[in-house]
Amino acid sequence: LQPNGFAAYYEENALLFPGERTRQDYFYRQLDSLLLFNYGEVNIWHVGGSHVQADVFSHQMRSHLSAIQPEIVGNRGILFPYSIARTNYSKNYRISYTGQWTTDKNTRKPHTFRMGISGMAAHTCDSNASITICLNTNEQNTQWTFNQLQILGYTDSITCYPFTVWGTDTLRAEFDSVAQCYSLILPTQIDSITLNWHIPPHSGFTLTGLIPRHSNNGISYYSSGVNGAAVPAWLRCQDLQKDLQHIRPDLAIFAIGINDAAVPAGCFNAESFKANYRQLIEQVLSVSPQCALLFITNNDSYRYVSRRRMTHNTNGPIVQRAFYELAKEYNGCIWDLFSIMGGMGSVDNWEEEQLIRHDRLHFTHQGYELLGDLLYNALLTDYLTHSH
């Protein structure tokens, strides 16, 4: 593929298996059950840093997968009120808030609040606090709906709880001691809601995520991204393994590594990188033992050497090799973005084509959409080739 004369290495756009492909084939059998017989559900978890927080790449994947069979649409995914933290978030849904909130994220050391699968936390003691979410951003798009809302978080008081006003009724979110979250059951399918909090004096609530759900079968694509997050940042999320129980991923897409590798040449420790990744992988497998594992290699990039100066990051091939070794060890697969881009030095070509921003680290909106298209094509091609 050579749009506008730009030579991207599309012959490299495939899922690669350094070891066995048993996990991936099991995942495809689950897809078969859903797509052919409308039986069961398929859950995908995509975790990373700023490439994922923007939710352009991941939402492109979500949109493609939900369009395979339009009548089979899964859950929208994990939401968080990023605007409270004054940071970027996906504009494919709307979220607003009232009241006073204090935020935290997994990249901070030390952090103030316990976190989970979103990698973020928002704490309030304000009795006027509220969160409003709307899954569909325009009247033409009515794809996403829910009739249950799982509210991830915690409080130090049993009299502190989320609720919503439904007509003349007040619907209280009940704490589910098994799922370890607050659950709000709604009488009908909706796409928007306002959550309020009953907060008594000297109490507070820490919100760590929102998962809108419906009861229909489908492919659900959950994404978790925090700007600047390396693997150790996700290991600092004490409630991550607990929260993974809510989605029980059938496929985990690991896209963490660009921040781990943002160090001078010779300073990246591949063994420590793999050891950290093993801890994260084991958390996933403790919840979903047969989960398929897909590793995305780092993009070719620049790294900061000061606030205003960047240099080419030469750690790309070392990280690439570490991902291949992890994939072989866990019988996972590789989507080799580093090779698809063209390897060392290719980031300059992508920047010239306006697919990478001028920092030569982050992709443009068009670039992230292209990544979503490429990964979807690689996944679908492999599925059509190897499903039974």
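Quick summary incoming for the structure in this document. (Residues numbered from 1 in each chain as written. Predicted model: local features only at pLDDT ≥ 70, side-chain atom pairs only at ≥ 80, totals over all residues. Heavy atoms only, no water.)

1. Describing the overall build of the protein
Along the backbone of the protein there are ten helices and 19 strands. Against the 2.2 N^0.38 benchmark of 21 Å for 388 residues, the protein shows a C-alpha radius of gyration of 21 Å, consistent with a compact globule. Seen along its three principal axes, the alpha-carbon backbone of the protein occupies a region of about 60 × 55 × 40 Å. Put simply, the protein has 388 residues, and 57% of those count as buried. In the protein, of all internal contacts separated by at least 6 residues, the share reaching a separation of at least 24 is 77%. As presented, the protein carries roughly 16,500 Å² of accessible surface, and 48% of it is formed by carbon and sulfur atoms. One way to put it: in the protein the 27 positive side-chain charges average out to a point 8 Å from where the 34 negative ones average out. (Helix = DSSP H or I, 4+ residues; strand = E, 2+ residues; numbered from the N terminus. Rg over C-alpha atoms; globule rule 2.2 N^0.38 Å. Buried < 20%, exposed > 50% of the residue type's maximum accessible area, 1.4 Å probe, protein only. Contact = heavy atoms within 4.5 Å. Areas by Shrake-Rupley, 256 points an atom, 1.4 Å probe, with all protein chains shown as cover. Lys, Arg positive; Asp, Glu negative; His and termini not counted. Charge placed at Lys NZ, Arg CZ, Asp CG, Glu CD.)

2. As for the pairing of strand S15 (residues 251–255)
In terms of burial, S15 is largely enclosed, as five of its five residues are buried. Side chains Leu-251, Ile-253 and Ala-255 project from S15 onto one buried face, and the interleaved Ala-252 and Phe-254 project onto a second face that is buried too. Where strand S2 (residues 42–48) lies against S15, five bridges are found, and the strand directions are parallel. Within S15, the position partnered with Val-47 by the bridge is Phe-254. (Pairing = 2+ DSSP bridges.)

3. Remarks on the nonpolar core
Formed by 79 residues in total, the largest nonpolar core has its most connected members in Trp-45, Leu-210, Phe-254, Tyr-277 and Phe-295. In terms of residues, this core owes the most to one element, helix H6 (residues 270–287), which gives eight residues. Excluding residues that lie within four positions of it along the chain, Trp-45 makes contacts with Ile-78, Ile-117, Tyr-222, Ser-224, Leu-240, Leu-244, Ile-247, Pro-249, Leu-251, Ala-252, Ile-253 and Val-284. (Core = buried A, V, L, I, M, F, W, Y, C linked by side-chain atoms within 4.5 Å.)

4. Quick notes on the sheet that holds S2
Sheet strands pair by backbone hydrogen bonding; their relative direction is either parallel or antiparallel. Read from one edge to the other, the open sheet built from six strands follows the order S1-S19-S16-S15-S2-S14, with strand pairing classed as mixed. Each having just a single partner strand, strand S1 (15–16) and strand S14 (219–225) make up the two edges of the open sheet. Sheet strands touched by helix H1 (residues 22–37): S1, S2, S14, S15, strand S16 (292–296) and strand S19 (333–335). Its angle to S2, the strand with the most contacts, is close to 130°. The strands touched by helix H3 (residues 57–66) are S2, S14, S16 and S19; relative to S14, the strand with the most contacts, the crossing angle is about 180°. (Axes fitted to C-alpha atoms, helices over the stretch in contact; angles between N-to-C directions.)

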